[in-house]
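# Structural description and commentary
Each chain, written out:
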Amino acid sequence: MRKRPVRRRRRLSVVLLLIAALLGTAVVANAAAPDRKPPRSERIGPAASLSKVALADWARTQLAADAKRRAAPRPLLPSVLGTVTDTVRKLLAAAAPDATSTLVLYDDAGPYGYLGELYAMAAANLGGHFGTVTAKPVEQYTAGMLGQYTATVYLGSTYYGGGIPDAVPAAFYQDVQAGTKPVTWVGDNIWNMGNAVGVPQFTQKYGWDPTTSYFTDANGSVGNVTQVTYGGQVLTRKIPAGQDGGVLRPNILTGAGYPVVTRVAEALDSASGTTFPWAVRSANLTYIGEIPFSYVSESDRVIAYEDMLFDTLAPGTAARHRAMFRLEDISPDSDPADLRAMADYLYSQRIPYGINVIPVYKDPRGVYNNGTPQTVTLAQRPQVVSALKYMLARGAVLMEHGYTHQYSTVDNPYTGVTGDDFEFYRAHVDAADNVVYDGPVAEDSTAWAQSRVTSGLAAFTAAGLARPQLWTTPHYAGSATDYRVFSQNYAARLERSLYFAGTLTGGTADPNRFIGQFFPYVVNDVYGTKVLPENIGNYEPVAQNNHPPRLPADLVASARANLAVRDGFASFFYHPYYPVQPLKDTIDGIKALGYTFVSPAAL
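Residue indices begin from 1 for each chain and proceed along its sequence in written order. Per-residue local features of the predicted model are confined to residues with pLDDT of at least 70, and side-chain atom pairs are confined, for both listing and counting, to 80 or more; whole-chain, interface and lining totals are unaffected and use all residues. Side-chain measures were taken over the full set of non-hydrogen atoms in the model, leaving aside hydrogen atoms and water.

Where charged atoms from two side chains of opposite charge come close, those side chains can pair. Each reported salt bridge corresponds to a side-chain nitrogen of Lys or Arg within 4 Å of a carboxyl oxygen of Asp or Glu. Applying the stated rule across the entire model yields 21 salt bridges. Notably, a salt bridge pairs aspartate 269 with arginine 249, separated by 3.2 Å at the nearest N-O pair. In this pair, aspartate 269 sits in strand β10 (residues 262-269) while arginine 249 sits in strand β9 (residues 249-252), placing the two residues 20 residues apart along the sequence. Residue classification places aspartate 269 among the buried positions, given a relative accessible area of 1%. Owing to a relative accessible area of 14%, arginine 249 belongs among the buried residues under this scheme. The network of salt bridges with common partners includes Arg237, Asp244, Glu290, Asp300 and Arg301. Every helix listed is a DSSP run of H or I at least four residues long, and every strand listed is a run of E at least two residues long, numbered separately from the N terminus. Whether a residue is buried, partly exposed or exposed follows from its accessible area with a 1.4 Å probe, protein chains only, as a fraction of its type maximum: under 20%, in between, or over 50%, in that order.

Pasting the structure below:
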């Protein structure tokens, strides 16, 4: 078979897609990783309803409300704790359930209430690593509910005050103060708890005063918080100008009568050079000064949150660092010599790996074939099939990566050719060279998605290959309907994913509001599917769509940051049309950090 020249196809960066997913419409470009999956979280593309303008408005609204709180006289409110009986105290301090369970509470009030469900899905997915998860709006909380779960997470994404009445039930404030079950409070409204239960009572139990803690410094500035140090690792924090709502700076109290407050993570304000606690813990309460799910990257401060969950849900977990990788975008058009070369190197190093195979190659307009349309199946490329079997005999795990990894005969968003474009989602590149997610394809339905999966499986069978063990969505983008179809056909996905508003409430998924997410460990997500991690991206030597190159040193740096997760992964992918040396450099660097490579099939 002739050796095909390397095609520098414009593949989306995986990290890019994830970010977009996280911010919803605005963040899609950094969330999921397409074939060249979305790059890093800095790569942000518009994501429909949640636009950059909306996020900037949210930040301004939050800071304005906090400024008013700072200027207002502090109310002297009576404590509500007097209503807590000994019986309720015992319920709240009850032993943990036999199975690990997490309660995720979120805000859904106010003009930015839709953010609450997006963030709650991200938190629920991570909680799915440890056991069962129940997620509901915080106003649905009832007295004693904390005692029914191993731990609780409250995501304060709506700033209650002024024109937005406090939607947090008094019973929640009361139960947190009275109980011993661990609670992780993220973001807004902790000051309302202080006022509700009584500032003296709060400070005497927790050692800091939330009513005199603010998102700005003494000069009224959010500063420029660029990094968070946690678990011995320096993690990044990159928020676009004008969209930073700040990080709450806890006013820790010292002296007689105040317990010691553990500074779990430290934030650096690069504008002033000062540091302050990004997260604190005392008694049953862990507090994080911002929602960490926005503008994330592979080395981001969200890693700290991901590891902190072990403290409340699995504190006895021993340190373990595993690595995993896959070869990406293998199709009937791949060069079998490249595949065999990769197999030989990986076998020599005893590295197990996945191979993401697209069973049908399509170039419907002949973009790479001199204007002549082309469709090629695996069965029509016996040398490629032989190379795949060679890889499988030497430690590879067969995975399905869509049916054709492109859509129809149109640019979506690049060429319409397999490996270049989205298959289950529409996208375009705007005038500023950003990849914009437009929504599910017109035909999207359970039957249509199943037909793609079924046709792909038939193509593997026709080529004499076994059924693939895992699935990866092309360019990490599909609708909620698509993800459910994939879960019905495969025990697990290895990928980053999009999560749509309406999923937690049981309503219709909103294609214009979603969050993208990648994981540092195996999770069971809100679609009910096991998802294997891909969390450090991919080698990409060429800048594209406003994303810089990503080289072996970048992947290794992300792996180092993820050492902060006590039982986590460094998982990446690599295109086999690139030389072996960058892959070798990446693997050697990750192994030198103490990671052990494992097979995707072992998870």
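What follows picks up the thread again.
This part is about the layout of surface pockets. As defined here, a cavity is a set of points on a 1 Å grid over the protein atoms alone where a 1.4 Å probe fits but cannot get out. A pocket is an open set with protein on both sides within 12 Å along at least five of seven lines, and residues line them when an atom is within 4 Å of a point. Grid points are joined across faces, edges and corners, and a volume is the space filled by probe spheres set on the points. The space that makes up the largest pocket amounts to roughly 530 Å³. For the largest pocket, the lining is made up of 29 residues, of which Ala65, Tyr159, Tyr160, Gly161 and Gly162 are closest to its centre. Those elements that place two or more of their residues in the lining of the largest pocket are α2 (52-71), α6 (190-197) and β6 (208-214). When residues of the lining of the largest pocket are assigned to their parent elements, the largest contribution, 7 residues, is made by α2. Polar here means any residue outside two lists: the nonpolar Ala, Val, Leu, Ile, Met, Phe, Trp, Tyr, Cys and Pro, and the charged Asp, Glu, Lys and Arg; Gly therefore counts as polar. Of the residues belonging to the lining of the largest pocket, the class tally is 15 nonpolar, 11 polar and 3 charged. Empty space within the second largest pocket amounts to approximately 170 Å³. Listed by contribution, the elements that provide at least two residues to the lining of the second largest pocket are α2 and β7 (225-230). Looking at the lining of the second largest pocket element by element, the count peaks at 3 residues for α2. By residue class, the composition of the lining of the second largest pocket is 7 nonpolar, 5 polar and 4 charged.

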